[in-house]
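Structure assessment
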Amino acid sequence: MDPPLNPQPSPTALLHPDPGFGWQRRFWAIFSGQACSLIGSALTQFVLMWWITSTTGSAAALATAGMAALLPQALLGPLGGTLADRYSRRALMIGADVVSAACMLVLIALFLTERVELWHVYTMMSVRSAMQAFQEPAAAASTAMLVPASFLPRAAGLNQTLQGIMTIAAAPLGALATSVMPLGFALGIDVVTALLGVVPLLLFRVPQVKPTSAQKTSLWSEFREGVTLVWQHPGLRRLYALLGVIVLAILPSFTLLPLLVKTHFGGGASDVALMEGLSGVGMIVGGAAIAAIAPQRHMPWILPSFAVACLSLALTALAPSDLFWLAVVWWVTSGVAFIMGSAPFTALLQTTIPNHLQGRALSLLAAVMGLAGPIGLALAGPLGEWLGVRWLLVTQGLLGMLASLLGVLSPTLRRLDAAAERPSTERLP
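Please read these numbers as outputs of a predicted model, since none were measured by experiment. (Residues numbered from 1 in each chain as written. Predicted model: local features only at pLDDT ≥ 70, side-chain atom pairs only at ≥ 80, totals over all residues. Heavy atoms only, no water.)

**Concerning the nonpolar core**
Taken as a class, soluble globular proteins show a tendency for nonpolar side chains to be buried jointly. Ranked by internal contacts, the top residues of the largest apolar core, which has 80 residues, are Leu107, Phe111, Val121 and Tyr240. The greatest single-element share of this core, amounting to 13 residues, is contributed by helix H9 (residues 234-263). No fewer than three residues from each of domain 1 (23-203) and domain 2 (219-421) sit in this core. The contacts of Phe111, once residues within four sequence positions are left out, are Leu48, Trp51, Val116, Val121, Leu183, Gly184 and Leu187. (Core = buried A, V, L, I, M, F, W, Y, C linked by side-chain atoms within 4.5 Å. Buried < 20%, exposed > 50% of the residue type's maximum accessible area, 1.4 Å probe, protein only. Helix = DSSP H or I, 4+ residues; strand = E, 2+ residues; numbered from the N terminus. Domains from an automatic or database assignment. Contact = heavy atoms within 4.5 Å.)

**Examining the environment of Ile30**
Mapped onto the elements of the fold, Ile30 is located in helix H2 (residues 23-56). With 176 residues separating them along the chain, Ile30 and Val206 place their C-alpha atoms 9.2 Å apart. Among residues more than four places away in sequence, those in contact with Ile30 are Leu146, Pro200, Leu201, Phe204 and Val206.

**A few points about the pattern of salt bridges**
A full pass over the atoms with the stated rule returns one salt bridge. Put simply, Arg128 and Asp190 hold a salt bridge, and the shortest N to O gap is 2.8 Å. Of this pair, Arg128 sits in helix H5 (residues 118-146) while Asp190 sits in helix H7 (residues 183-203); the two residues are 62 residues apart in sequence, bridging distant segments of the chain. Note on accessibility: Arg128 and Asp190 belong to one class, buried. (Salt bridge = Lys/Arg side-chain N within 4 Å of Asp/Glu carboxyl O.)

**So, the packing of aromatic side chains**
Enumeration according to the criterion identifies four aromatic pairs in this entry. With a centroid separation of 5.2 Å and 70 degrees between ring planes, the pair formed by Phe27 and Trp28 is classed as edge-to-face. For Phe27, a relative accessible area of 3% corresponds to the buried category. Under the relative-accessibility criterion, Trp28 is labelled partly exposed at 39%. Measuring from centroid to centroid gives 5.4 Å for Trp51 and Phe111, while their planes differ by 85 degrees, and the two rings are edge-to-face. With a gap of 60 residues between them, Trp51 in helix H2 and Phe111 in helix H4 (residues 89-112) connect regions that are remote in the sequence. (Phe/Tyr/Trp six-rings, centres within 6.5 Å; stacked < 30°, edge-to-face > 60°.)

**With respect to the side chain of Thr193**
Looking at the secondary structure, you find Thr193 in helix H7. Note on Thr193: relative accessible area 11%, which makes it buried. Among residues more than four places away in sequence, those in contact with Thr193 are Cys36, Ser37 and Gly40.

**Digging into the packing of H9 against helix H11 (residues 299-318)**
With their axes 11 Å apart at the nearest point, H9 and H11 run at an angle of 30 degrees to one another. The angle between the axes of H9 and H11 places the two elements in the roughly parallel class. With respect to the hand of their crossing, H9 and H11 are arranged in left-handed fashion. Between H9, through Leu242, Leu243, Ile246, Ile250, Ser253, Phe254 and Leu260, and H11, the contact on the second element is made entirely by Leu303, Phe306, Cys310, Leu313 and Ala317. Here the residues of the contact of H9 with H11 are counted per class, giving 11 nonpolar, one polar and no charged. (Axes fitted to C-alpha atoms, helices over the stretch in contact; angles between N-to-C directions. Parallel < 35°, antiparallel > 145°, perpendicular 65-115°, else oblique. Left-handed = near helix turned anticlockwise from the far one by under 90°. Nonpolar A, V, L, I, M, F, W, Y, C, P; charged D, E, K, R; others polar.)

**A look at the environment of Val198**
You can see Val198 is positioned in helix H7. Note: C-alpha distance between Val198 and Ala96 (102 residues apart in sequence) is 9.8 Å. When residues no more than four places from it in sequence are discounted, the contact partners of Val198 are Ile94 and Asp97.

**Focus on a nonpolar patch on the surface**
Residues Leu248, Leu318, Ile375, Leu379, Leu383, Trp386, Leu387 and Trp391 make up a contiguous nonpolar surface patch of roughly 770 Å² in combined accessible area. The dominant element in the nonpolar patch, judged by the number of residues it contributes, is helix H13 (residues 355-387), at five residues. Here Leu383 lies in helix H13. The exposure class of Leu383 is partly exposed, given its relative accessible area of 33%. (Patch = residues over 30% accessible without salt bridge, like charges linked within 9 Å, V, L, I, M, F, W, Y side chains within 5 Å. Areas by Shrake-Rupley, 256 points an atom, 1.4 Å probe, with all protein chains shown as cover.)

**A short note on H9**
The terminal C-alpha atoms of H9, which comprises 30 residues, lie 44 Å apart, in line with the 44 Å expected from a rise of 1.5 Å per residue. The largest bend in H9 comes to about 60 degrees, at Leu256, with the proline Pro258 one to four residues further on. (Expected span 1.5 Å × (residues − 1). Bend = angle between axes of the 7 residues up to and from the residue.)

**Focus: the side chain of Thr44**
Inspection of the secondary structure puts Thr44 in helix H2. The class of Thr44 is buried, set by a relative accessible area of 1%. Apart from the residues lying within four places of it in its own chain, the contact partners of Thr44 are Met104, Arg128, Leu187 and Asp190.

**With respect to the confidence of the model for the chain**
Within the chain, residue pLDDT values average 76, and 79% of them lie at 70 or more. The secondary-structure element of the chain with the lowest mean pLDDT is helix H17 (residues 424-427), recorded at 40, while H4 shows the highest, at 88. Under a pLDDT of 50 for its full length, residues 1-14 has, in the predicted model, six contacts with residues more than four places off or in other chains. Note on residues 419-429: pLDDT is under 50 here. Beyond four places in sequence and across chains, it has 22 contacts. (pLDDT = per-residue confidence, 0-100.)

**Details of the packing of H2 against H4**
It is at 13 Å that the axes of H2 and H4 come closest, and there the two elements cross at 35 degrees. Regarding H2 and H4, the two cross each other, and that crossing is left-handed. Between H2, through Gln34, Ser37, Thr44, Leu48 and Trp51, and H4, the contact on the second element is made entirely by Asp97, Met104, Leu107 and Phe111. Residue composition of the contact of H2 with H4, grouped by class: five nonpolar, three polar and one charged.

Dropping the structure here:
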């Protein structure tokens, strides 16, 4: 039988146009540059959080730092996502990296002149968080345009593998840097890696679906379009809400880990680096496994993996003080499980949401999670002083596990994979 004269493109092709010739070189150049930038940022975060831990020894101070690092991104995320769909995503990523590097230069000067105070660190963390509100939705929405649709599950796995590499490199390098050089010089690494992330963006074009004149409206209207997209999609609406609950429950665990190691296990920066480094190894294993498997159905991986990750966080804090190795095992298990759920979660969103709306939809998710995080940290500060950091983390891990398991029981969430296979007109009412 002869093929039709005007074959209709598949829904996947409509959502994710072919990236064109030479996409591999462009993807790997930008991916490698962003890898360097992320490692530098994670190293900086480790150095600053350990400085706060050793200087104050306060759960409230760490919780405040966590809120400074999350709240601006949550508040500005919807605006960043709208701009990422409306304007050049490459320009947004470059501008955000440059401003973040400038903030780090200010902190370097303050540390080297010994004039730094806690509020200086909080302020610079807040500005960098605001820049992430513009950089992250632009980067996430760009990924789908840099690779063919068939490569998206592997790209998600590679991105999660990068998170593992980042964790492995950042924590030990941060501990090493603080032990061999002044803190100001250690922070300078972030400036160098930020420049390495910008260079490929200057050399390569990032494909982007341009909105038509009919699609261009006011910023407020475009933001509402992203909210409406998620709100009218039952599966996305419930998934966003569930992720917000999970983040509210468990995010303080990551912020308060240095204090747990110091107060319960009697460890130092090198012990925190060991835990985070080995967790990064687990994240690489989990990300590489997802990249190799490239599952076409995502929901069977997402919520069960998040449940295991939350339970493992609780078991980390439950480990006896003289069995630090057991805490490390559970922390690594949590990292593996988290990536086994996070990579399919990213791929699910990229295959469910049209690319020209992804910036808004992904930034809305970042806003939900970003607002949940500071709320959790605000509660964790006084609760940590009352319960102690160990039992606070146990409680949070168990609550996160319960929320994940409740999501597994939702038929609407289980049907998200089936909805992703329908044409876009059916998928997004």
